[in-house]
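Here's the letter readout for the chains.
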Amino acid sequence: GCGKTSLLEELALHGSWDHPRLQIVDSLKVGYIRQHPQFPPEAGTLEDLVRSWGPLSRDQAFALLKPMNFDYGEMNKAPGSLSGGEMNRVQIARMMYEKPDLLIMDEPTNHLDIPSREALESALEDFVGTLLVVSHDRYFLDRVADHIAEIDQRRITLFPGSFSEYFHHRGAGLHPASSGKIGRRGKEIRTGSAAKPRPDELQKLEQRIEAAEADLAKREAQISEALERGDHQRGRQLSARLAGEKKILDQLYSQWETAQE
């Protein structure tokens, strides 16, 4: 809720050497993997879409998609029929083809299954440019990030090291146990004996949100433990569960905001 996606959009679409704040050297080639990708409507098939990137044959186009776990027969799919995970994989394939100097990624592991996440991590191991990524996937961050940027109170603070190092030295104290406040969206949830009377619908939603927040905290602790043990498979499995649980929490927040209004 602090504007991470908005910041990435501004950087990718408007960043330049002449920009008063978001200065990017003009000679840098910038790539952008959106959280919600958009494909040109004129691409009738996935093959058409990939071959629009450059002078590519059908086999060359498939060679770009194959590492992202696409089958040859899927080249005939309509881009509009792709799932969220497939859209993400197509975006990743394009960035690996274009080889940008600066790659900006917004929740790149969203909707990806474990083999697709592994393919993405493998592709990024060979990436020689600078990666700027927003992600809730702690395992993924530990694999690809060597600096963590914390955005808080409209200020950005940079921490060297992995996400686990950041979390243990700094992050664990960022979300203390709530006493009537839940901060993932910056919204106050009134609970406890001192709370004002609330409609039944709101009270139930607030209770469900608190329970979901507690479950997320437990899941994040489990992921940390798995990472510390070096159990990468377990870390991926738990990260996938965490992504699903965050979606449920987002839905609860949306219902709560509607009920508030």
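Residues numbered from 1 in each chain as written. Predicted model: local features only at pLDDT ≥ 70, side-chain atom pairs only at ≥ 80, totals over all residues. Heavy atoms only, no water.

Student: Tell me about the pattern of salt bridges, and name the residues and values.
Tutor: For the coordinates displayed, the defined rule picks out 10 salt bridges. Arg117 is paired through a salt bridge with Asp137; the nearest N and O atoms lie 2.6 Å apart. Taken together, the positions of Arg117 in helix 5 (residues 114-125) and Asp137 in the loop between strand 3 (130-134) and helix 6 (138-144) put the pair 20 residues apart, joining distant regions of the chain. We classify Arg117 as buried; its relative accessible area is 4%. A relative accessible area of 6% places Asp137 in the buried class. (Salt bridge = Lys/Arg side-chain N within 4 Å of Asp/Glu carboxyl O. Helix = DSSP H or I, 4+ residues; strand = E, 2+ residues; numbered from the N terminus. Buried < 20%, exposed > 50% of the residue type's maximum accessible area, 1.4 Å probe, protein only.)

Student: Pulling in residues and values, what's your account of the nonpolar core?
Tutor: Among the nonpolar cores identified, the biggest contains 35 residues, and Leu46, Val50, Leu65 and Val90 are the most heavily contacted of them. Those elements that provide at least two residues to this core are helix 2 (46-51), helix 3 (58-65), helix 4 (84-98), strand 2 (102-106), helix 5, helix 6 and helix 7 (163-169). Sort the elements by how many residues they give to this core and helix 4 lands first, with 5 residues. Once residues within four sequence positions are removed from consideration, Leu65 is found in contact with Leu46, Val50, Phe70, Met75, Val90 and Ala93. In terms of nonpolar packing, the next biggest core, distinct from the first, is built from 15 residues, Leu242, Leu249, Tyr253 and Trp256 among them. (Core = buried A, V, L, I, M, F, W, Y, C linked by side-chain atoms within 4.5 Å. Contact = heavy atoms within 4.5 Å.)

Student: Explain the pairing of strand 3 residue by residue, including any values.
Tutor: Examined bridge by bridge, strand 2 and strand 3 share 5 bridges and lie parallel to one another. If you follow Asp106 over to strand 3, its bridge partner there is Val134. Traced from strand 2 through helix 5 to strand 3, the parallel crossover comes out right-handed. (Pairing = 2+ DSSP bridges. Right-handed = clockwise from strand over helix to strand, strands pointing away.)

Student: So what's going on with helix 5? Which residues, and what values?
Tutor: With 12 residues, helix 5 extends 17 Å from end C-alpha to end C-alpha; this agrees with the ideal 16 Å at 1.5 Å per step. Ser116, Arg117, Ala119, Leu120, Glu121, Ala123 and Leu124 are the residues of helix 5 that are buried. (Expected span 1.5 Å × (residues − 1).)

Student: Please provide a residue-by-residue account of the sheet that holds strand 1 (residues 30-33), values included.
Tutor: With respect to topology, 3 strands assemble into an open sheet ordered 1-2-3, the strand pairing being parallel. Each of the sheet's edge strands pairs with one partner strand only, and the pair in question is strand 1 and strand 3. Shown here is a sheet whose adjacent strand axes are inclined to one another by a mean of 15 degrees, direction ignored. (Axes fitted to C-alpha atoms, helices over the stretch in contact; angles between N-to-C directions.)

Student: Can you tell me about the side chain of Glu74, naming the residues and giving the values?
Tutor: Secondary-structure assignment places Glu74 in the loop between helix 3 and helix 4. Apart from residues no more than four positions distant in its own chain, Glu74 is found in contact with Leu46, Asn69 and Glu86.

Student: Requested: an account of a nonpolar patch on the surface, with residues and values cited.
Tutor: On the surface, a nonpolar cluster with roughly 340 Å² of combined accessible area is contributed by Trp17, Val25, Leu28 and Val30. Relative to the helices and strands, Trp17 is located in the loop between helix 1 (4-14) and strand 1. (Patch = residues over 30% accessible without salt bridge, like charges linked within 9 Å, V, L, I, M, F, W, Y side chains within 5 Å. Areas by Shrake-Rupley, 256 points an atom, 1.4 Å probe, with all protein chains shown as cover.)

Student: Tell me about the packing of aromatic side chains, residues and numbers included.
Tutor: The tally for this structure, following the rule as stated, stands at 4 aromatic pairs. On the basis of an interplanar angle of 50 degrees and a centroid distance of 5.7 Å, the ring pair of Phe163 and Tyr166 is categorised as tilted. A residue pair is termed a helical-turn pair when its members lie 3 or 4 positions apart in one helix, as Phe163 and Tyr166 do in helix 7 at 3 residues. Among the aromatic side chains, those forming a connected cluster through ring pairs are Phe159, Phe163 and Tyr166. Against the face of Phe70 rests Arg89, its NZ or CZ located 4.5 Å from the ring centre. (Phe/Tyr/Trp six-rings, centres within 6.5 Å; stacked < 30°, edge-to-face > 60°. Lys NZ or Arg CZ within 6 Å of the ring centre and 35° of its normal.)

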